[in-house]
Amino acid sequence: MFVRNLKEVELTERFVDWGNGTSHSLLTIDDGLGFAVCHTIVRANSEALLQYRDPLEACYCMKGEGEVEDMDGNVFAIRAGDIYVLDSTTGIICAAARITISFSSASSTRRWRAPNGTT
C-alpha cells in the first residue's frame, strides 16, 4: 500500500505544466497497477486540444465547469459531478475544468498527444 499526494507529485517529473493547464500523474506505468490516474486542471478562459492514443479514458469533473468538444464538432457541457468517457480515437477540446482521469492501461507521465501526433 502507498499514499500519494498532489503536492508531493508537483515536486516530481509526474507534474507537467503544459501551458493551458497542469497534469499530476498520480499513478503511472511505473506503479505496476495496469492502469493510470491523472489529475488535470484546464485553466479558466483557455482551451486544450488533447488526444490520448492508446487507452480508453474516463474523466470525472471534480470542480468547475467547462465544455468538451469532440472532433466531429459535438459540444458537451461538463460540470462538477459529471463523467465523460472517450475511446482512443477521440480527440477533444477541453475548456476550463478540474478533472480526474482514469486510463484503461498504464501510461507514463507525458503520454498525451495533440490529435496531430505531437506531444
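Because the structure is a prediction, the values reported are computed rather than measured.

On to the overall build of the protein chain, then. Scanning the protein chain from N- to C-terminus turns up 1 helix and 8 strands. Listing the helices and strands of the protein chain from first to last along the sequence gives α-β-β-β-β-β-β-β-β. Within the protein chain, the proportion of its 119 residues that are buried is 39%. Considering only contacts within the protein chain whose residues lie at least 6 apart along the sequence, 61% involve residues at least 24 apart. Taken as a whole, the protein chain presents about 6,700 Å² of accessible surface, with 52% of it coming from carbon and sulfur.

Moving on: the pairing of strand β2 (residues 21-27). Counting buried positions along β2 yields 7 of 7 residues, so the element is predominantly enclosed. In the sheet, strand β1 (residues 15-17) pairs with β2 via 3 bridges, with the strands oriented antiparallel. Across the sheet, Asp17 pairs through a bridge with Thr22, a residue of β2. Following β1, the chain reverses through 3 residues before pairing antiparallel with β2; Gly19 in that reversal takes a positive phi of roughly 100°. Across 6 bridges, β2 lies against strand β3 (residues 36-50) in antiparallel orientation.

What follows is about the nonpolar core. Core analysis: the biggest nonpolar cluster contains 11 residues, these being Ala36, Cys38, Cys59, Cys61, Val68, Ile78, Tyr84, Leu86, Ile99, Ile101 and Phe103. Top element by residues in this core is strand β8 (residues 92-103). It accounts for 3 residues. Counting residues in hydrophobic clusters, the runner-up holds 5 residues, among them Val16, Trp18, Ala48 and Leu50.

Glancing now at the confidence of the model for the protein chain. Considering every residue of the protein chain, the mean pLDDT works out to 78; 73% of them sit at 70 or more. Put simply, β8 is where the protein chain has its lowest mean pLDDT, 67, and helix α1 (residues 6-9) is where it has its highest, 94. Ignoring residues within four places in sequence, the model shows residues 109-119, a span with pLDDT below 50, making 31 contacts including any to other chains.

In total, this model carries 3 salt bridges according to the counting rule given. Linking Arg14 and Asp31 is a salt bridge whose minimum nitrogen-to-oxygen distance equals 3.1 Å. Here Asp31 lies in the loop between β2 and β3 and Arg14 lies in the loop between α1 and β1, a separation of 17 residues in the sequence. One exposure class covers both Arg14 and Asp31, and it is buried. The salt bridge involving Asp17 is made with Arg43; its shortest N-O contact spans 3.0 Å. Of this pair, Asp17 sits in strand β1 while Arg43 sits in strand β3, placing them 26 residues apart in sequence. For Asp17, a relative accessible area of 46% translates into the label partly exposed. If you follow the salt bridges from partner to partner, you end up with Arg4, Arg14 and Asp31 in one network.

The rules we used
Residues numbered from 1 in each chain as written. Predicted model: local features only at pLDDT ≥ 70, side-chain atom pairs only at ≥ 80, totals over all residues. Heavy atoms only, no water. Helix = DSSP H or I, 4+ residues; strand = E, 2+ residues; numbered from the N terminus. Buried < 20%, exposed > 50% of the residue type's maximum accessible area, 1.4 Å probe, protein only. Contact = heavy atoms within 4.5 Å. Areas by Shrake-Rupley, 256 points an atom, 1.4 Å probe, with all protein chains shown as cover. Pairing = 2+ DSSP bridges. Core = buried A, V, L, I, M, F, W, Y, C linked by side-chain atoms within 4.5 Å. pLDDT = per-residue confidence, 0-100. Salt bridge = Lys/Arg side-chain N within 4 Å of Asp/Glu carboxyl O.

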